[in-house]
Amino acid sequence: MAYAFEKYSLDEITHLGTEYDYGSVMHYGPYGFAIDPDIPTIVPIFAELGDIGQREGFSDNDILKINRLYECPQH
């Protein structure tokens with residue numbers, strides 16, 4: 001699963017004018033694909049921004065990016 005952790009340049013991705021979203025439903029959690037359940041595979045650079053990854057639902061930023069991507073009207 002190493003391919004899932006490859007880095008992409010900003011020329012290859014778009015944040016749709018938003019900040020990086022540690023809380024995105026699309027973000028792996030800290031132990032995603034871990035061999036040892038006590039050793040995280042991802043450690044956030046800015047830990048003070050909160051936990052990474054979740055499966056509860058879209059983050060506010062996820063919703064904003066979906067609306068921007070599909071050019072939905074903002075309410």
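Every residue gets a number counted from 1 within its own chain, in the order that chain's sequence is written. With pLDDT at 70 or above as the cut-off, local features in this predicted model cover only qualifying residues; side-chain atom pairs require 80 or more to be listed or tallied, and sums for whole chains, interfaces and linings still use all residues. Hydrogens and water molecules were not included; the side-chain quantities draw on all heavy atoms of the structure.

Would you mind going over the packing of aromatic side chains with me for this structure?
Describing an aromatic ring pair means giving the distance of the ring centres and the angle of the ring planes. A pair of aromatic rings is counted whenever rings of Phe, Tyr or Trp (Trp by its six-membered ring) have centres within 6.5 Å, and the orientation is called stacked for planes under 30 degrees apart, edge-to-face for over 60 and tilted otherwise. What the rule picks out here adds up to four aromatic pairs. Ring centres of Tyr-28 and Phe-33 lie 5.1 Å apart, and the angle between their planes is 75 degrees; on these two criteria the pair is classed as edge-to-face. Every member of this aromatic cluster is reached through a ring pair, and the members are Phe-5, Tyr-28 and Phe-33.

Even after reading the chapter, I still don't get the UniProt feature "domain: Peptidase M12A" (unreviewed entry) in the chain, so can you show me in this structure?
UniProt positions are given in the numbering used here, feature names are shortened, and annotations may be inferred rather than shown by experiment. As annotated in UniProt, the feature "domain: Peptidase M12A" (unreviewed entry) corresponds to residues 1-73 in the numbering used here. Strands are runs of DSSP state E lasting at least 2 residues, helices are runs of H or I lasting at least 4, and numbering of each runs from the N terminus. Here residues 1-73 is 14% helix and 0% strand, with 38 Å between the C-alpha atoms at its ends.

When you look at the side chain of His-27 in this model, what are you seeing that I'm missing?
Topologically, His-27 is positioned in the segment before helix H1 (60-69). Two N or O atoms count as a polar contact when they lie within 3.5 Å, although within protein this holds only if one can serve as hydrogen donor and the other as acceptor, and sequence-adjacent residues are included solely when both atoms are side-chain atoms. Polar contacts involving the side chain of His-27 include one to the side chain of Tyr-20, which spans 2.8 Å. Contacts: residue pairs with any heavy atoms within 4.5 Å of one another. Each residue touching His-27, except ones within four places of it in the same chain, is listed here: Tyr-20, Asp-21, Tyr-22, Ile-42, Ile-52, Gly-53, Gln-54 and Arg-55.

Just checking my understanding: could you explain the layout of surface pockets for this structure?
The gaps of empty space that remain are located by a probe, the size of a water molecule, rolled over the atoms. Detection works on a 1 Å grid of protein atoms alone, calling trapped sets that fit a 1.4 Å probe cavities and calling open sets with protein on both sides within 12 Å along at least five of seven lines pockets, with lining residues defined by an atom within 4 Å of a point. Grid points are joined across faces, edges and corners, and a volume is the space filled by probe spheres set on the points. Space inside the largest pocket adds up to approximately 1,200 Å³. In terms of lining residues, the largest pocket is bounded by 26 residues, among which Glu-6, Ile-13, His-15, Tyr-20 and His-27 are the most central. Under this grouping Gly is polar, as are all residues other than the nonpolar Ala, Val, Leu, Ile, Met, Phe, Trp, Tyr, Cys and Pro and the charged Asp, Glu, Lys and Arg. For the lining of the largest pocket, the class distribution of residues is 16 nonpolar, five polar and five charged. Residues belonging to the lining of the second largest pocket are distributed by class as follows: seven nonpolar, no polar and two charged.

Hey, could you run me through the side chain of Ser-24 in this one?
With respect to the helices and strands, the residue Ser-24 is situated in the segment before H1. Three labels apply to residues, based on accessible area from a 1.4 Å probe with only protein chains included: buried if under 20% of the type maximum, exposed if over 50%, partly exposed otherwise in between. The exposure class assigned to Ser-24 is buried, which follows from its relative accessible area of 8%. One polar contact links Ser-24 to Asp-62, side chain to side chain, over a distance of 2.6 Å.

Quick question: what am I supposed to make of unusual backbone geometry here?
What is expected of a backbone is that most residues other than glycine have negative phi and most peptide bonds are trans. In this structure, Phe-33 is a non-glycine residue whose phi angle is positive, near 65 degrees. Of note, Phe-33 is situated in the segment before H1. What makes Phe-33 partly exposed here is its relative accessible area of 39%. Its identity is not glycine, yet Glu-71 carries a phi of approximately 55 degrees, on the positive side.

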